[in-house]
Amino acid sequence: MKENSVKIRNIINRFLYKNIAKPIFFHIDPEKVHDTMIFLGKFLGSNIITRSLTSIFFNYSNKKLEQDILGINFKNPIGLAAGFDKNASIVKILPSVGFGYAEVGSITGESCEGNPKPRLWRLKKSAGLVVYYGLKNDGCAKIAKKLKNEKYTVPIGVSIAKTNSRQTAKKEAGIHDYVKAFSMLKDIGSYITINISCPNAFGGQPFTKAEDLDDLLTEIEKIPCSKPIFLKLTPDLSAKELDALIHVCDNHRIGGFICTNLTKDRTNEEVKKHLKDSNIKMVGGISGRPIKELSIKLIDYIYKKTKRRYIIIGCGGVFSAKDAYEKIKAGASLIQLITGMIFEGPQLISEINQGLVTLLKKDGYKNISQAVGRYNSP
Ligand SMILES: Cc1cc2nc3c(=O)[nH]c(=O)nc-3n(C[C@H](O)[C@H](O)[C@H](O)COP(=O)(O)O)c2cc1C
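Numbering of residues starts from 1 in every chain and runs along the sequence as written. Where local features are concerned, this predicted model is filtered to residues with pLDDT of at least 70; where side-chain atom pairs are given and counted, the filter is 80 or more; whole-chain, interface and lining totals use all residues.

## Topic: the environment of Ile78
Where we set the bar: Starting at the N terminus, helices and strands are each numbered in turn, a helix being any DSSP run of H or I of at least four residues and a strand any DSSP run of E of at least two.
Looking at the element boundaries, Ile78 is found in strand E3 (residues 78-80). Along the chain, Ile78 and Leu337 lie 259 residues apart, while their C-alpha atoms are 7.7 Å from each other.

## Quick notes on the packing of helix H1 (residues 3-25) against helix H13 (residues 348-363)
We apply this condition: Angles shown run from 0 to 180 degrees and are taken between the N-to-C directions of axes, each axis being a line fitted to C-alpha atoms and, for helices, limited to the stretch in contact. The handedness criterion is simple: a crossing whose near helix is rotated anticlockwise from the far helix by less than a right angle is left-handed, and one whose near helix is rotated clockwise is right-handed. With C-beta atoms placed from the backbone, a contact is any residue pair whose C-beta atoms sit within 7 Å.
Running from N to C, H1 and H13 cross one another at 145°; their axes reach a closest spacing of 10 Å. Judged by the sense of rotation from one axis to the other, the crossing of H1 with H13 is left-handed. Together, Val6, Lys7 and Asn10 of H1 and Ser350, Glu351 and Gln354 of H13 make up the contact between the two elements.

## Some words on the site of the ligand
Note the following rule: Throughout this description, a residue near a molecule or strand is one whose C-beta atom, derived from the backbone, lies within 6 Å of it. Residues are grouped as follows: Ala, Val, Leu, Ile, Met, Phe, Trp, Tyr, Cys and Pro are nonpolar; Asp, Glu, Lys and Arg are charged; every other residue, Gly included, is polar.
The full set close to the ligand counts 27 residues, and Ala81, Gly83, Ser106, Ser287 and Thr339 are the nearest of them. When the residues that make up the shell around the ligand are grouped by side-chain class, the tally is 14 nonpolar, 12 polar and one charged.

## A word on the nonpolar core
Let me state the cut-off plainly: In these notes, a nonpolar core means any group of buried Ala, Val, Leu, Ile, Met, Phe, Trp, Tyr and Cys residues linked to one another through C-beta atoms within 7 Å. Burial is judged by counting the other C-beta atoms within 10 Å of a residue's own C-beta: 20 or more makes it buried, 12 or fewer makes it exposed, and any count in between marks it as partly exposed, with every C-beta position built from the backbone.
Core analysis: the biggest nonpolar cluster contains 106 residues, and Ile160, Leu185, Phe257, Cys259, Ile299, Ile312 and Ala324 have the highest contact counts within it. Those residues within four positions of Ile312 in sequence are excluded, and the remaining contacts are Gly256, Phe257, Cys259, Ile299, Ile302, Tyr303, Gly331, Ala332 and Ser333.

## Quick word on the pairing of strand E5 (residues 120-123)
Stated formally: In this scheme, strands are said to pair when DSSP sees at least two bridges between them.
Pairing analysis gives four bridges linking E5 to strand E6 (residues 128-131), with the strands arranged antiparallel. Opposite Trp121, over in E6, you have Val130 as the bridge partner. Where E5 folds back onto E6 in an antiparallel hairpin, the turn is made up of four residues, including Ala127, whose phi is positive at roughly 55°.

Pasting the structure below:
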């Protein structure tokens, strides 16, 4: 499809989403809408006709967006973040929507119902969500069985986490749970993410403590696996805690960091500045615009500190090509999102990719790799 036709198609899609679909969705319980989208995604991904039609309405490709990272070819840098496709149900439709890759999960050692409902809220004025799902998923055994013989047209990351339960609260039991999920899922997809930053699980985030992370990675590395491993970080770490985690990773086989997961810290000035909804009393982690600056700060810090030793995936508050480009220039090679798509519509993926091509051209870069980290190493 020609660039101008894509632009017009996206304008029409945006208009329809903002004026028809979104007003309806935003009047319905968010978890019900999420479940309905998974059901629809499963159906659209189930056969070549619906996949091709979805592609006509949403896809976009451009050579300038292609990158080879840690041995994986990404056709574009925009991926679906973990937490939307918890049980890897809609992987087949995601490339047609325009995603260059997707991360499924987080998947845990045991199946988990998650926290009691309600557990997902919209912050309409702040362009964010409050998430209290608590790692709801079918568990590693069932999901591994389902995905065993699947072939994918884009890279798939598999996010693993510790089961949200009292039984995994002790360190040894927690490590055992991660190791179980890792062993079962290591042969699926293109990379593995170790999520140590779920804000809503029983017992908190023990593996954000350097010595506990060291023990966890030591056990994980006993299992042979040649795929890249990413670590997903919380934005709520002090510089000292972050330095200690990076130091641990330097002694292990970590290929990169995902910056960032949801924030729990509602006292952070950057977060408070963007919290415009009144009476935000619900428990849970915050996504979207309120965490955009936290994500950029984390990318910036890690990029400068580690001098390109790690690949960075930028995640948090991406609502436009400009938001994505800002993270790329700070040092992110890839981007992930969820909340932007919910507030702006599924055409956002193609809008961002096309917008990135325009921004690259404007800055005189031949491809996306040339822009990575340019704020920090001009
Ligand atoms: C509904 C929902 C569920 C999520 N569940 C997970 C999860 O299971 N694992 C994880 O690593 N991150 C999870 N996240 C965090 C996202 O992957 C992402 O880090 C965060 O939402 C920031 O990106 P965004 O502002 O584009 O939404 C979840 C986010 C949302 C909105």
